[in-house]
Amino acid sequence: MNDIELVSANKSFGGWMKRYRHRSQVLHCDMVFGIYLPPQADQGKPLPVLYWLSGLTCTDENFMQKAGAQRLAAELGMVIVAPDTSPRGEGVPDDAEGAYDFGLGAGFYVNATEQPWAQHYRMYDYVVQELPGLIEEHFPVSDQRSISGHSMGGHGALTIALRNPARFKAVSAFAPIASPINCPWGNKALPGYLGDDRDLWRRYDACALIEDGARLPHLLVDQGTADDFLENQLKTGLLAEACEKAGIAADIRMQDGYDHSYYFISTFMAEHVSWHAKRLTR
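Before going into details, it helps to say that this report is about the structure given with it.

**Quick word on the overall build of the protein**
Summing up its helical and strand segments, the protein has ten helices and nine strands in all. Here the protein, with 282 residues, has 58% of them falling under the buried criterion. Excluding contacts between residues fewer than 6 apart, the proportion of contacts in the protein whose partners are at least 24 apart in sequence is 71%. Taken as a whole, the protein presents about 11,500 Å² of accessible surface, with 46% of it coming from carbon and sulfur. If the 25 positive side-chain charges of the protein are averaged to one point and the 35 negative ones to another, these points end up 7 Å apart.

**Digging into unusual backbone geometry**
Negative phi characterises most residues that are not glycine, and trans characterises most peptide bonds. With an omega of 5°, the peptide bond running from Gln115 to Pro116 counts as cis. Among the structural elements, Pro116 can be located in the loop between strand E5 (79-83) and helix H3 (123-138).

**A word on the nonpolar core**
Ile147 and Tyr193 are the most contacted members of the largest nonpolar core, which totals 94 residues. If sequence neighbours within four positions are ignored, Tyr193 has contacts with Phe102, Gly103, Ala106, Gly107, Phe108, Val110, Ala112, Thr113, Glu114, Trp117 and Tyr121.

**What about helix H9 (residues 236-246)?**
Considered for burial, the residues of H9 that qualify are Thr236, Leu239, Ala242 and Cys243. Along the axis of H9, the buried residues cluster in a sector spanning 125°; they form a single face. Facing away from the buried side of H9, by more than 90 degrees, are the exposed residues Glu241, Glu244 and Lys245. Elements that come into contact with the buried residues of H9 comprise helix H4 (152-163), helix H7 (206-211), strand E8 (219-224), helix H8 (230-234) and strand E9 (250-255). Just downstream of H9, Gly247 is the residue with a positive phi angle, here 75°.

**Topic: the environment of Trp275**
For Trp275, the position within the fold is in helix H10 (residues 262-280). In the structure, Trp275 is positioned 105 residues away from Ala170 in sequence and 8.7 Å away in space, judged by C-alpha atoms. Once you skip the residues sitting within four places of it in the chain, Trp275 turns out to touch Ala170, Val171, Ser172, His218, Leu219 and Leu220.

**Some details on the side chain of Asp84**
Mapped onto the elements of the fold, Asp84 is located in the loop between E5 and H3. Of the polar contacts made by the side chain of Asp84, one reaches the side chain of Arg88; its length is 2.6 Å.

**A short note on the packing of aromatic side chains**
All chains considered together, the criterion is met by 17 aromatic pairs. Between Trp185 and Phe229, the aromatic rings sit 4.9 Å apart at their centres with planes inclined by 45°, giving tilted as the arrangement. Of the two residues, Trp185 is situated in helix H5 (residues 184-194) and Phe229 in the loop between E8 and H8; the sequence distance between them amounts to 44 residues. We classify Trp185 as buried; its relative accessible area is 3%.

**A look at a negative patch on the surface**
On the surface, Glu114, Asp196, Asp197 and Asp199 cluster together to form a negatively charged patch. Here Asp196 shows up in the loop between H5 and helix H6 (198-201). For Asp196, a relative accessible area of 72% gives the class exposed.

**Overview of the pattern of salt bridges**
By the definition in use, this model includes 13 salt bridges. A salt bridge links Arg23 to Asp30, with the shortest nitrogen-to-oxygen separation between them at 3.4 Å. For Glu136, the salt bridge goes to Arg145, with nearest N and O atoms at 2.7 Å. Taking the relative accessible area as the measure of exposure, Glu136 reaches 29% and is therefore partly exposed. Of the residues examined, Arg145 reaches a relative accessible area of 7% and is grouped as buried. A single salt-bridge network, built from bridges that share partners, covers Arg19, Asp60 and Glu61.

**Here we look at H4**
Along an α-helix, a turn takes 3.6 residues, which lines up residues three or four apart on a common side. Between its terminal C-alpha atoms H4 stretches 17 Å, which fits the 16 Å expected from twelve residues at 1.5 Å a residue. Judged by how many residues are buried, H4 sits mostly within the fold: eleven of twelve residues are covered. Listed as buried for H4 are Met152, Gly153, Gly154, His155, Gly156, Ala157, Leu158, Thr159, Ile160, Ala161 and Leu162.

**Some details on the pairing of E5**
Of all five residues making up E5, five are buried, and the element is well covered by its neighbours. Of the two faces of E5, both are covered, the one formed by Val79, Val81 and Pro83 as well as the one formed by Ile80 and Ala82. Both strand E3 (residues 29-37) and E5 contribute to a ladder of four bridges, which runs antiparallel. Of the residues in E5, the one forming a bridge with Ile35 is Val81. Pairing of strand E4 (residues 47-53) with E5, which is carried by three bridges, proceeds in the parallel orientation. Across the sheet, Tyr51 pairs through a bridge with Val81, a residue of E5.

Procedures and definitions
Residues numbered from 1 in each chain as written. Predicted model: local features only at pLDDT ≥ 70, side-chain atom pairs only at ≥ 80, totals over all residues. Heavy atoms only, no water. Helix = DSSP H or I, 4+ residues; strand = E, 2+ residues; numbered from the N terminus. Buried < 20%, exposed > 50% of the residue type's maximum accessible area, 1.4 Å probe, protein only. Contact = heavy atoms within 4.5 Å. Areas by Shrake-Rupley, 256 points an atom, 1.4 Å probe, with all protein chains shown as cover. Lys, Arg positive; Asp, Glu negative; His and termini not counted. Charge placed at Lys NZ, Arg CZ, Asp CG, Glu CD. Core = buried A, V, L, I, M, F, W, Y, C linked by side-chain atoms within 4.5 Å. Arc of directions from axis to C-beta. Polar contact = N/O pair within 3.5 Å; in protein donor to acceptor, adjacent residues only side chain to side chain. Phe/Tyr/Trp six-rings, centres within 6.5 Å; stacked < 30°, edge-to-face > 60°. Patch = residues over 30% accessible without salt bridge, like charges linked within 9 Å, V, L, I, M, F, W, Y side chains within 5 Å. Salt bridge = Lys/Arg side-chain N within 4 Å of Asp/Glu carboxyl O. Expected span 1.5 Å × (residues − 1). Pairing = 2+ DSSP bridges.

Rendered as structure tokens:
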């Protein structure tokens with residue numbers, strides 16, 4: 001059994017908001033994840049799980065403290081799991097200049113192949129395999145999984161779902177980095193972690209994956225029109241074009257006046273939780 005250590009526990013809407021620490025065999029460091037266990041978790045019936053991936057500079061705590069997802073998750077009987085955004089700890093490399101968009105807090109949900117990143121920065125494998133395995137070993141959950149995320153985490157959610165449609169039944173995103181190949185954040189992170197192999201970059205770009213044949217049955221994206229990153233970094237229009245061309249049923253909603261913050265996320269979070277619950281319980 002993989003050991004987990006309870007870090008904190010707070011009662012919330014009849015359930016429990018908990019944080020755990022464990023030793024990751026994939027990332028070769030200690031990792032912390034947050035998990036919301038609704039009151040139905042005490043009844044023994046396996047519950048569906050929504051995995052949430054956060055954005056640049058975030059940890060597991062940002063979403064759980066700011067998004068307001070627990071109330072509806074308690075009503076619907078849904079477990080929510082939020083991992084950290086990168087490996088951390090002694091010996092884990094960081095950007096030499098301490099930049100916010102590479103290194104610690106900026107794992108980009110890839111499996112790095114370049115040194116010195118390759119040993120620790122394997123967030124793709126962590127989210128797809130190791131973390132769900134750990135959750136399903138220790139908690140009363142089913143194998144009915146879905147995934148969502150914000151910004152860099154939205155990029156992670158989209159690419160992971162596109163590459164693993166049998167493992168994740170639904171995907172949604174808030175202000176995702178839709179095409180890292182075509183934006184400054186991605187043009188720093190992808191070569192930094194993956195080197196010069198542009199074919200490998202395409203495996204971590206939602207628009208490229210769709211162009212290369214990956215498909216989803218449905219997709220929900222919310223994007224604020226007042227988001228300062230919209231035009232230069234997020235490239236939502238490219239995602240809409242790729243989905244339309246591929247015939248993917250994508251509900252990409254441009255929300256007037258909203259920015260990139262958790263004020264935006266919390267406004268539409270209940271709709272996303274409900275959207276996932278319907279697809280997880282069919």
